[in-house]
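Spelled out, the chains give:
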Amino acid sequence: MAKGRDRELIKLRNEALCRRYYYWTETQRLRFDDALRILSEREFFLSEQRIMAIIRKASREGRIKGLKPVPKVRAPRLTADQLRLFADQI
């Protein structure tokens, strides 16, 4: 018997995760970040980054019909001078 996680179980988990992501985003109409939070904290107990990687891989491979890839979110890089522009609004 091979060491480590069972590949078939991981495959089944990933398929279930994709179905639940589709449910939360398409059926319940949640934003993708809210759906990721629910999947991460309540249902699968994986990091949001890992869930995004699983969904992206499944969407690239076309395994789940109607599954759209999760957009990559990049944090803006602000300088101290740019932040001072918003100091009066706080």
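Quick note: structure is the one above.
Residues numbered from 1 in each chain as written. Predicted model: local features only at pLDDT ≥ 70, side-chain atom pairs only at ≥ 80, totals over all residues. Heavy atoms only, no water.

Relative to each other, helix 2 (residues 32-43) and helix 3 (residues 48-61) sit at 115 degrees, their axes nearing to 9 Å. Relative to helix 3, the element helix 2 is oriented roughly perpendicular. The handedness of the crossing between helix 2 and helix 3 is right-handed. Along its contact with helix 2, which presents L36, R37, L39 and S40, the element helix 3 presents E48, I51, M52 and I55. Classifying every residue of the contact of helix 2 with helix 3 gives 5 nonpolar, 1 polar and 2 charged. (Axes fitted to C-alpha atoms, helices over the stretch in contact; angles between N-to-C directions. Helix = DSSP H or I, 4+ residues; strand = E, 2+ residues; numbered from the N terminus. Parallel < 35°, antiparallel > 145°, perpendicular 65-115°, else oblique. Left-handed = near helix turned anticlockwise from the far one by under 90°. Contact = heavy atoms within 4.5 Å. Nonpolar A, V, L, I, M, F, W, Y, C, P; charged D, E, K, R; others polar.)

Tallied over the entire structure, the rule returns 6 salt bridges. Where D81 meets R84, a salt bridge forms, and the shortest distance between an N and an O atom there is 2.4 Å. A residue pair is termed a helical-turn pair when its members lie 3 or 4 positions apart in one helix, as D81 and R84 do in helix 4 (residues 80-84) at 3 residues. A residue is classified by how much of its surface remains accessible, and D81, at 53% relative accessible area, is exposed. Assessed through its relative accessible area of 56%, R84 is described here as exposed. Within the structure, one salt-bridge network assembled from shared partners comprises R31, D33, D34 and R37. (Salt bridge = Lys/Arg side-chain N within 4 Å of Asp/Glu carboxyl O. Buried < 20%, exposed > 50% of the residue type's maximum accessible area, 1.4 Å probe, protein only.)

For the rest of this paragraph, the subject is the environment of I51. Tracing the chain through its elements places I51 in helix 3. Judged by relative accessible area, which is 0%, I51 ranks as buried. Filtering out sequence-adjacent residues up to four positions away, I51 remains in contact with L17, L36, L39, S40 and L46.

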